[in-house]
Amino acid sequence: MTGFHYTKRKVFNYAAQTASLLCAVCGIAFLFWILKDVAVLGAGGLDFSFFTELPAPPGEAGGGMANAITGTLLITVIATAIGVPSGILAGTYLSEYGRGGRVAATVRFIADILVAAPSIVIGIFVYAIIVRPAGGFSTIAGAMALAIIMLPVVIRTAEEMLKLVPDATREAALALGAPHWKVTVLVVYRGALRGITTGVMLAVARVSGETAPLLFTSFNNAYWNWKLNEPTATLTVTIFNYAMGPYEEWHAKAWAAALLITAGVLFVTLAARLVVRGRSGS
Amino acid sequence: MALLDRHKADRLGDALFKGAALFFAVSVLVLMGLIFIVLLAEAMPALRAFGLRFLYTAEWDPVRSVFGALPAIYGTIVSSVIALVIAVPISLGIAVFLTEMAPKPLAGPIGTAIELLAAIPSIIYGMWGLFILAPLLADHVEPFLNNWLGFIPFFRGAPLGIGMLPAGFILAVMIIPFISSVARDIFRMVPPILKESGYGVGATKWEVIHQVVLPYTRSGIIGAVVLGLGRALGETMAVTFLIGNSYDISSELFNPATSISASLANEFTEAVDPVHISSLVALGLILFVITFIVLAAAKLLIRKTVNGDAR
């Protein structure tokens, strides 16, 4: 009897362990399956004209996505310029001034919810407060939407990274008579530079792949646009339109754009992780 | 004198810097409030026109200008529940593997690989789902499910590869990294001494996981699952590609359906009728409120486990 009981327990144990191993294999298999398809189907369309030419008229061969590439870069850069400084300052408040306070606790809680809030709702919000009053879709509206999505991500990582700077460092600088803000900017920021860089890179990677909030804000454009108050093409929105469209040519172009954006996002994400690893110990 | 001036300048600098930091911190709260207020204001015409019926009527007809949110709410919830049913066991399996089984040098890279699933943009999942996954489901998986499990009413409907089940499936793949990485962090908080006392009385690894680790981390794990739910509810592009855009409510999961986010993505820029636009914003408001509640609950549940450990 005991023998049977013992065997049963052992069998259960091996079954459970095998199952959890299979789960991990399954997750990784999906990652490589998706990446493989994107790479194989996208590589064919990534020729020179893809990077240099405007889109061809519907159904015609040739053309590129040069305007969408610059559009994505432009919107991401503006969003970063708005979202990162405000996020770092807010994170500074949470870490340096309001550690135990009620305001900080509330901000932390709301920021954590905003991080995972549906991005399409942010798109509607920006449509209501910028696009409609201004009378049309615009680059700046798209950048605002992405900045709002970025903000809570930057706040939370900035706070975590600033908190890793030992209090003794702050006290040493304060003891020399430096004012608090100088201590924060010259000493604490410097200590947390690496971590904050990582957070910013992850946030940039995340928003540059966003589509939903751009549908109603920056919309789309078949031509070049550098104006802030005009609609702008982006890679992700162009993928959406092309993939949903009926032409084989469009699908090939969409796959090429998908490869470009996926490679970019994964590269930045992995690079950010390596920056963190460079930090000894933590 | 000069020293005093400098002291004054420092005090001013401090006040300005602290003020700026506080301003941006509070701006998050203002932002959250503004989003809610603006959505509510924009949704008012629809809510006034249809009242509470908006929530439970199933007709969505832009031509007659009659709108009910039920099909979209139904699709959002059902596709997210399908995603959880598939993703939760797999995610917990991954978390167990990473914390209890994988050798140290392997656990890091495997964990990173799983987390990379979260970095792939939603639109890529959608496109991959539409061009690669959907034909596969239509030709092989859905006929197979219908043959063997067709006696359950869920596994029926048009095997197009596009519909409620495919949307739920792609959502599952997308939320696995979120659930598994939170679950992994929570499993790591179990004090080693608890696990060791389990091994000490001769328990197997499975018995320790099942009877020590899981009970200890219960509320945190529920929190991780609820967090995954919050992510699934608001996910847009992948669902838009795969759910099929149909305002019919069907219990047969192969059939096309719609979700709040998919309706918004498809119709918002094309809507002209003010009531139509307002109804779409009302859908967005419903989604925002549901995800707010779900994510707040997740946060509180996870915090309970994390704080419990600190005490």
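Calculation criteria
- Residues numbered from 1 in each chain as written.
- Chains lettered and ligands numbered in written order.
- Predicted model: local features only at pLDDT ≥ 70, side-chain atom pairs only at ≥ 80, totals over all residues.
- Heavy atoms only, no water.
- Helix = DSSP H or I, 4+ residues; strand = E, 2+ residues; numbered from the N terminus.
- Buried < 20%, exposed > 50% of the residue type's maximum accessible area, 1.4 Å probe, protein only.
- Contact = heavy atoms within 4.5 Å.
- Areas by Shrake-Rupley, 256 points an atom, 1.4 Å probe, with all protein chains shown as cover.
- Lys, Arg positive; Asp, Glu negative; His and termini not counted.
- Charge placed at Lys NZ, Arg CZ, Asp CG, Glu CD.
- Polar contact = N/O pair within 3.5 Å; in protein donor to acceptor, adjacent residues only side chain to side chain.
- Patch = residues over 30% accessible without salt bridge, like charges linked within 9 Å, V, L, I, M, F, W, Y side chains within 5 Å.
- Salt bridge = Lys/Arg side-chain N within 4 Å of Asp/Glu carboxyl O.
- Buried area = accessible area lost by both parts, 1.4 Å probe.
- Nonpolar A, V, L, I, M, F, W, Y, C, P; charged D, E, K, R; others polar.
- 1 Å grid on protein atoms, 1.4 Å probe; cavity = no way out; pocket = protein on both sides within 12 Å on 5 of 7 lines; lining within 4 Å.
- Points joined across faces, edges and corners; volume = space filled by probe spheres on them.
- Domains from an automatic or database assignment.
- Core = buried A, V, L, I, M, F, W, Y, C linked by side-chain atoms within 4.5 Å.
- Axes fitted to C-alpha atoms, helices over the stretch in contact; angles between N-to-C directions.
- Parallel < 35°, antiparallel > 145°, perpendicular 65-115°, else oblique.
- Left-handed = near helix turned anticlockwise from the far one by under 90°.
- Phe/Tyr/Trp six-rings, centres within 6.5 Å; stacked < 30°, edge-to-face > 60°.

Looking at the overall build of chain B
A tally of regular secondary structure across chain B gives 12 helices and 2 strands. Start at the N end of chain B and walk to the C end: the helices and strands fall as α-α-β-β-α-α-α-α-α-α-α-α-α-α. Reported as C-alpha extents along the three principal axes, the dimensions of chain B are approximately 75 × 70 × 35 Å. By the burial criterion, 53% of the 311 residues in chain B qualify as buried. Taking the intrachain contacts of chain B between residues at least 6 apart in sequence as the baseline, contacts between residues at least 24 apart amount to 76%. Accessible surface for chain B amounts to roughly 13,500 Å². Of this, 69% is attributable to carbon and sulfur atoms. Separation between the mean location of the 19 positive side-chain charges and that of the 20 negative ones in chain B comes to 13 Å.

Here we look at the side chain of Ser-208 of chain A
Residue and element names in this part refer to chain A. Tracing the sequence through the fold places Ser-208 in helix H8 (residues 180-208). One polar contact links the side chain of Ser-208 to the main-chain carbonyl oxygen of Ala-205, over a distance of 3.0 Å. Discounting chain neighbours no more than four positions away, the residues touching Ser-208 are Thr-72, Thr-76, Thr-236, Ile-261 and Val-265.

Considerations on a nonpolar patch on the surface
Residues and elements named next belong to chain B. A cluster of nonpolar side chains, namely Phe-36, Ile-37, Leu-40, Val-289 and Ile-293, defines an oily patch on the protein surface of about 420 Å² accessible area. Secondary-structure elements contributing two or more residues to the nonpolar patch are helix H1 (2-50) and helix H12 (274-310). Top contributing element to the nonpolar patch by residue count: H1, with 3 residues. Along the polypeptide, Val-289 turns up in helix H12.

Considerations on the interface of chain A and chain B
Listed as interface residues are 82 residues of chain A and, on the opposing side, 78 residues of chain B. Approximately 7,200 Å² of surface area, both sides summed, lies buried where chain A meets chain B, with 83% of it carried by carbon and sulfur atoms. Joining chain A to chain B, the criterion identifies 9 residue pairs in polar contact (both at pLDDT 80 or more). When residues of the side of chain A that touches chain B are assigned to their parent elements, the largest contribution, 20 residues, is made by helix H1 (residues 2-43) of chain A. Its residues assigned to classes, the side of chain A that touches chain B comprises 60 nonpolar, 15 polar and 7 charged.

Details of the layout of surface pockets
Residue and element names in this part refer to chain B. Taken as a whole, the second largest pocket holds about 450 Å³ of empty space. Looking at the second largest pocket, it is lined by 18 residues, and the ones nearest its centre are Leu-98, Lys-104, Ala-107, Gly-108 and Arg-188. Among the elements that make up the lining of the second largest pocket, the one with the highest residue count is helix H4 (residues 104-119) (6 residues). For the lining of the second largest pocket, the residue count by class is 6 nonpolar, 4 polar and 8 charged.

Description of empty space enclosed by the protein
Over the atoms, a rolled probe matching the size of one water molecule traces out where space is still vacant. Residues and elements named next belong to chain A. Scanning the entire structure with this criterion turns up 4 cavities of 30 Å³ or more. Of the pockets and cavities examined, the largest cavity occupies roughly 60 Å³. Along its surface, the largest cavity is lined by Leu-114, Val-115, Ala-117, Pro-118, Ser-119, Ile-122, Ile-148, Ile-149 and Arg-206. Looking at the lining of the largest cavity, the elements that each hand over two or more residues are helix H4 (102-116), helix H5 (119-134) and helix H6 (139-163). Its residues placed into classes, the lining of the largest cavity shows 7 nonpolar, 1 polar and 1 charged.

Section: the pattern of salt bridges
All names here are of chain A. Under the criterion given, the structure shown has 19 salt bridges over all chains. Across the pair Asp-167 and Arg-99 runs a salt bridge whose closest N-O atoms are separated by 3.8 Å. Linking Asp-167 in helix H7 (residues 167-175) with Arg-99 in the loop between helix H3 (66-97) and H4, this pair joins segments that are 68 residues apart in sequence. On the basis of relative accessible area, Asp-167 is assigned to the partly exposed category, the value being 38%. Notably, a salt bridge pairs Glu-210 with Arg-206, separated by 3.8 Å at the nearest N-O pair. When its relative accessible area of 11% is taken as the criterion, Glu-210 is described as buried. The class of Arg-206 is partly exposed, set by a relative accessible area of 27%.

Focus on the domain arrangement of chain A
Reports often express the size of an interface as the amount of accessible area lost when the parts come together. Residues and elements named next belong to chain A. Taken domain by domain, chain A consists of domain 1 (2-43) and domain 2 (50-277). Each partner contributes to the interface: domain 1 provides 7 residues, whereas domain 2 provides 6 residues. It is Val-38, Leu-41 and Gly-42 that lose the most area in domain 1 upon contact with domain 2, and together they represent 70% of the buried surface on that side. At the junction of domain 1 with domain 2, the criterion picks out 0 salt bridges. The tally of links from domain 1 across to domain 2 stands at 0 residue pairs in polar contact (both at pLDDT 80 or more).

Concerning the nonpolar core
Ranked by internal contacts, the top residues of the largest apolar core, which has 192 residues, are Ile-35, Phe-54, Tyr-125 and Phe-268 of chain B. Of the residues forming this core, the biggest block, 15 residues, is contributed by helix H6 (residues 164-187) of chain B. Residue contributions to this core reach at least three from each of two domains, namely domain 1 (2-43) and domain 2 (50-277) of chain A. When residues no more than four places from it in sequence are discounted, the contact partners of Phe-54 of chain B are Leu-47, Trp-60, Phe-67, Gly-68, Ala-69, Leu-70, Ser-279, Ala-282, Leu-283 and Ile-286 of chain B.

A short note on the packing of H4 of chain B against H6 of chain B
Residues and elements named next belong to chain B. Contact geometry of H4 with H6 gives a least axis separation of 7 Å together with a crossing angle of 135 degrees. Judged by the angle between their axes, H4 and H6 are oblique. The way H4 lies across H6 gives a crossing that is left-handed. Contacts between H4 and H6 involve Gly-111, Ile-114, Glu-115, Leu-117 and Ala-118 from the first element and Val-173, Pro-177, Phe-178, Ser-180, Ser-181 and Arg-184 from the second. Partitioned by chemical class, the residues of the contact of H4 with H6 number 6 nonpolar, 3 polar and 2 charged.

A word on the packing of aromatic side chains
The final tally for this structure, using the stated rule, is 19 aromatic pairs over all chains. Ring plane angle 80 degrees and centroid distance 5.5 Å describe the contact between Phe-50 of chain A and Phe-51 of chain A, whose orientation is recorded as edge-to-face. Counting every residue linked through ring pairs, the aromatic cluster contains Tyr-127, Phe-137, Phe-216 and Phe-219 of chain A together with Phe-268 of chain B.

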